[in-house]
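Inside the fold
One-letter residues, chain by chain:
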Amino acid sequence: MGKPDTVHVIEYGRRQIPYELVRRDRRTLQISVHPNLSVTVVAPRVANIRRVREIVRSKARWVVHQQDFFRTFLPKMPPKQYVSGESHRYLGRQYRLKIVKAADERVKLDGKYLKVFTKNSGDRTRTRLLLDRWYRERAGTKFPERLAVCHERARKYGITDSPLSIRKMPRRWGSCTNGRHIYLNPELIKTTLQCIDYVIIHECCHLKVPRHTIRFYDLLSRIMPDWRKRKEKLERIEL
Ligand SMILES: [Zn+2]
């Protein structure tokens, strides 16, 4: 196997799939999706790069499909049980869940504890509901604060302010519709402020450049030079 010359990216909708391009003495192009979700493209040494990209792009749907298939075999975080002692994150920090029986239902951060006061301490569904509601409330306070900070940063680059909504999305941290409205996943409140800001700035850049083009990444890098580090953190954080 030759040394990969560079890492390229396939665009599929909003998904970006990096792949390694390897040149070899062969006639046909071969795309492989590996069980760890990485993608390798082996191309003839003489093939024109534009043509290579074109073929890879035409196979994007298949690549995504293969990755989704392999993803089901990757180790996942065990599902939360919503019992005392379990670890839950808020703004990147881990807290220990403590279920407390009380008439007045609420959730409160207390030192290293995340306390859930509930009428029925044995009802995990109720605990989950109370906790989800609390996360959402926190997101409702925190996200607009971060948006204001990010807007200030983005305005210098000719990006106008936009309204924000919080919306559950199965596979995305954020999105932006018709270049006017930013949506953030409430789950983001469990990650760090650095990650939240990264997602907001990323979506702010979409207000100006809709697709993930070179112009998009230029703009993103100017507004937030360390975005790659933040993105990596976001991808690695276990919630
Ligand atoms: Zn994007």
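Residues numbered from 1 in each chain as written. Predicted model: local features only at pLDDT ≥ 70, side-chain atom pairs only at ≥ 80, totals over all residues.

A few points about unusual backbone geometry
Just so we agree on the cut-off: Put simply, DSSP marks the helices as runs of H or I at least four residues long and the strands as runs of E at least two long, and each gets a number from the N terminus on.
Even without being a glycine, Tyr-82 presents a positive backbone phi close to 60°. Position of Tyr-82 relative to the elements: it lies in the loop between helix H2 (60-71) and strand E5 (87-90). Phi at Leu-91 takes a positive value of approximately 50°, unusual for a residue other than glycine. Mapping Leu-91 onto the fold places it in the loop between E5 and strand E6 (93-101).

Re the domain arrangement of the protein chain
Spelled out, the test is: For the domains described, the bounds stem from an automatic or database domain assignment.
In terms of domains, the protein chain is made up of domain 1 (6-71) and domain 2 (87-236). Centre-to-centre, using C-alpha coordinates, domain 1 lies 32 Å away from domain 2.

Observations regarding the packing of helix H4 (residues 193-208) against helix H5 (residues 214-223)
Here is the rule we go by: As a rule, the C-alpha atoms of each element are fitted with a line to give its axis, helices using only the stretch in contact, and angles between N-to-C directions run from 0 to 180 degrees. Oblique is the label for every angle not falling under 35 degrees (roughly parallel), over 145 degrees (roughly antiparallel), or within 65 to 115 degrees (roughly perpendicular). When the near helix sits turned anticlockwise from the far one by under a right angle, the crossing is termed left-handed; a clockwise turn instead gives a right-handed crossing. Once C-beta atoms have been placed from the backbone, residue pairs whose C-beta atoms lie within 7 Å are recorded as contacts. Just so you know the grouping, Ala, Val, Leu, Ile, Met, Phe, Trp, Tyr, Cys and Pro go in nonpolar, Asp, Glu, Lys and Arg go in charged, and all remaining residues, Gly too, go in polar.
At a minimum axis separation of 10 Å, H4 and H5 run at an interaxial angle of 135°. Between H4 and H5, the interaxial angle falls into the category oblique. Like other packed secondary-structure pairs, H4 and H5 cross with a definite hand, here right-handed. Residue-level inspection shows Ile-201, His-202, Cys-205 and Lys-208 of H4 in contact with H5, the latter providing Phe-216, Leu-219, Leu-220 and Ile-223. In terms of residue class, the contact of H4 with H5 is made up of six nonpolar, one polar and one charged.

Some words on the sheet that holds strand E7 (residues 106-110)
Quick reminder of the rule: The pairing criterion is simple: DSSP has to find at least two bridges between the two strands.
Within the open sheet, the four strands sit side by side as E5-E6-E8-E7. Their pairing is mixed. Strand pairing shows two members of the sheet lacking a second neighbour, E5 and E7, which therefore form its edges. Averaged over all adjacent pairs, the angle separating strand axes in this sheet is 35°, with direction ignored. Pairing of E7 with strand E8 (residues 113-118) involves five bridges; the strand directions are antiparallel.

Examining the nonpolar core
We apply this condition: By our criterion, buried Ala, Val, Leu, Ile, Met, Phe, Trp, Tyr and Cys residues that link up through C-beta atoms within 7 Å make up a nonpolar core. Partly exposed residues are those whose C-beta has more than 12 but fewer than 20 other C-beta atoms within 10 Å; with 20 or more the residue is buried, with 12 or fewer it is exposed, and the C-beta atoms are placed from the backbone.
Counting residues in hydrophobic clusters, the biggest one holds 22 residues, and the most contacted among them are Cys-150, Leu-184, Leu-188, Val-199, Ile-200, Ile-201 and Cys-204. Elements represented by at least two residues in this core include exactly helix H3 (124-155), strand E11 (181-184), H4 and H5. Ranked by the residues each element gives to this core, the list is headed by H4, at eight residues. Leaving out residues up to four positions away in the same chain, Ile-200 has contacts with Arg-146, Leu-147, Cys-150 and Ile-182.

A word on H2
The condition is simple: Any helix carries an expected span of 1.5 Å times its number of residues minus one.
Here H2 spans 16 Å end to end across 12 residues, near enough to the 16 Å set by a 1.5 Å rise per residue. The buried fraction of H2 is low, at one of 12 residues.

With respect to the sheet that holds E11
If you trace the three strands from one edge of the open sheet to the other, you get E9-E11-E10, paired in mixed fashion. Each having just a single partner strand, strand E9 (164-166) and strand E10 (174-177) make up the two edges of the open sheet. Between one strand axis and the next, the sheet turns through 25° on average, direction left out of account. In this structure, E10 lies alongside E11, joined through four bridges in antiparallel fashion. Residue pairing across strands places Ser-175 opposite Tyr-183, the latter belonging to E11. Sheet contacts for H3: E9 and E11; angle to E9, the most-contacted strand, approximately 155°. Along the sheet face, H4 touches E10 and E11 and points at about 20° away from the line of E10.

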